[in-house]
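What the coordinates show
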Amino acid sequence: MLGKYYRRIKAKDFSFLINILLYLVAVVVALPLFFLMSPHLPVINIPLGAGIHLEHLLFSILVVGLSIYVVIRLKHLVLIILGVGIGAIIISSARGGYSFQDVFQDYVVSLYNLQNNPVAVPLMAEDYEPFQDAYRVVEAINYKDKQVRNFAVKIGTKHFGNHVNKDNRNLVQSLSVFKEINNNWVYVSDPAGEEYFASAGETISQQHIDGKFNGDCDDHAILMAACLKLVGSEVRLVRTTHHIYPELKIGTKDQLDKATFLIRHKLFVKESKGKSIYYHVDHGGVIWLNFDYTGRAPGGKFLQEDIVGILEL
């Protein structure tokens, strides 16, 4: 008698735990749907405080409710998929591959980027003019110079070291380069009527005077390009009508999502708050992030000028 009662209690406890698990799955599914659809909701002008609006509250209740209904109706299928997924991740993690931590991080990154979509500038043309003064610019970059190399390695590891892992080392070190150069950049125009390209080594030498880098846009682009190449990243220079700026090669949309999450949520939280992340997509589908000094964080807004040339390095 007691044995049957005990087994009944155990069965109820197990059923309760299964239901809790299914509710959690429903919420995990509902959150991306909410963030994806919420920008398109009609506005109901009854603010509830703390940034919450009535349309968001009602829609969140609707989405969570529908998700719970669907998950409960399909609970056997959901449990099978969940079991297979958990088993696959356990095996992968045991072999040093994709782990539960990776799953959590990718999920958080996806949620964050659904709220903060980067801004893609329309595809650029393929028929630009030859990059003016390309030879002089490449010569000034001179990233093989010993002084430039030592400096780049130093600033590439100066910031954000606790955020480096085997998958993001180049990116985090490139963001460290951005922070060090842009935080210490002082704009100084070229001599009147003359286009002067300061070499990367020359600009670095200025730091011994007052701890600052001094120069115009092309001097900044040259120094940034040299340092980015020396920490293993790919970079190109974009010339507009009256400006030159560097762009960092990001690659795919997935890689952009991870870079955006790092910039907004980890490394440049204050500098990027309330601002969009701007990038170009070339005709091969490759994403290039704006690394100009026009923003205090990577991905600042592009200057409104026509692009006239691109220098691949």
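Everything quoted here is computed from the prediction, not taken from an experiment.

**Thoughts on the nonpolar core**
Within the largest apolar cluster, 48 residues are counted, with the highest numbers of intra-cluster contacts made by Ile181, Leu223 and Leu237. Here this core takes 8 residues from helix 10 (residues 217–230), the largest share from any one element. Excluding residues that lie within four positions of it along the chain, Leu237 makes contacts with Phe131, Val137, Ile141, Ala221, Ala225, Ile244, Tyr245, Pro246, Gly309, Ile310, Leu311 and Leu313. Of all hydrophobic cores here, the second largest spans 6 residues; its members include Ile18, Leu22, Val25 and Val78.

**So, the packing of helix 7 (residues 169–183) against helix 10**
Contact geometry for helix 7 and helix 10: axes closest at 10 Å, N-to-C directions at 150 degrees. Considered as vectors, helix 7 and helix 10 are oriented roughly antiparallel to each other. Crossing angle aside, the handedness with which helix 7 passes helix 10 is right-handed. Along the contact surface, helix 7 presents Ser174, Val177, Phe178, Ile181 and Asn182, while helix 10 presents His220, Leu223, Met224, Cys227 and Leu228.

**A closer look at the layout of surface pockets**
Taken as a whole, the largest pocket encloses approximately 1,000 Å³ of empty space. Lining the largest pocket are 32 residues, with Gln105, Asn165, Asp167, Asn168 and Lys258 positioned closest to its centre. Those elements that provide at least two residues to the lining of the largest pocket are helix 4 (100–115), helix 7, strand 5 (244–251) and helix 11 (253–267). When residues of the lining of the largest pocket are assigned to their parent elements, the largest contribution, 7 residues, is made by helix 4. A per-class count over the lining of the largest pocket returns 10 nonpolar, 13 polar and 9 charged. Taken as a whole, the second largest pocket spans an internal volume of roughly 420 Å³. Residue lining of the second largest pocket: 14 residues in total, with Val25, Val28, Leu82, Ile86 and Val103 positioned closest to the centre. Elements with a minimum of two residues in the lining of the second largest pocket: helix 1 (2–37), helix 3 (75–94) and helix 4. Residues belonging to the lining of the second largest pocket are distributed by class as follows: 13 nonpolar, 1 polar and no charged.

Reading the values: the criteria
Residues numbered from 1 in each chain as written. Predicted model: local features only at pLDDT ≥ 70, side-chain atom pairs only at ≥ 80, totals over all residues. Heavy atoms only, no water. Core = buried A, V, L, I, M, F, W, Y, C linked by side-chain atoms within 4.5 Å. Buried < 20%, exposed > 50% of the residue type's maximum accessible area, 1.4 Å probe, protein only. Helix = DSSP H or I, 4+ residues; strand = E, 2+ residues; numbered from the N terminus. Contact = heavy atoms within 4.5 Å. Axes fitted to C-alpha atoms, helices over the stretch in contact; angles between N-to-C directions. Parallel < 35°, antiparallel > 145°, perpendicular 65-115°, else oblique. Left-handed = near helix turned anticlockwise from the far one by under 90°. 1 Å grid on protein atoms, 1.4 Å probe; cavity = no way out; pocket = protein on both sides within 12 Å on 5 of 7 lines; lining within 4 Å. Points joined across faces, edges and corners; volume = space filled by probe spheres on them. Nonpolar A, V, L, I, M, F, W, Y, C, P; charged D, E, K, R; others polar.

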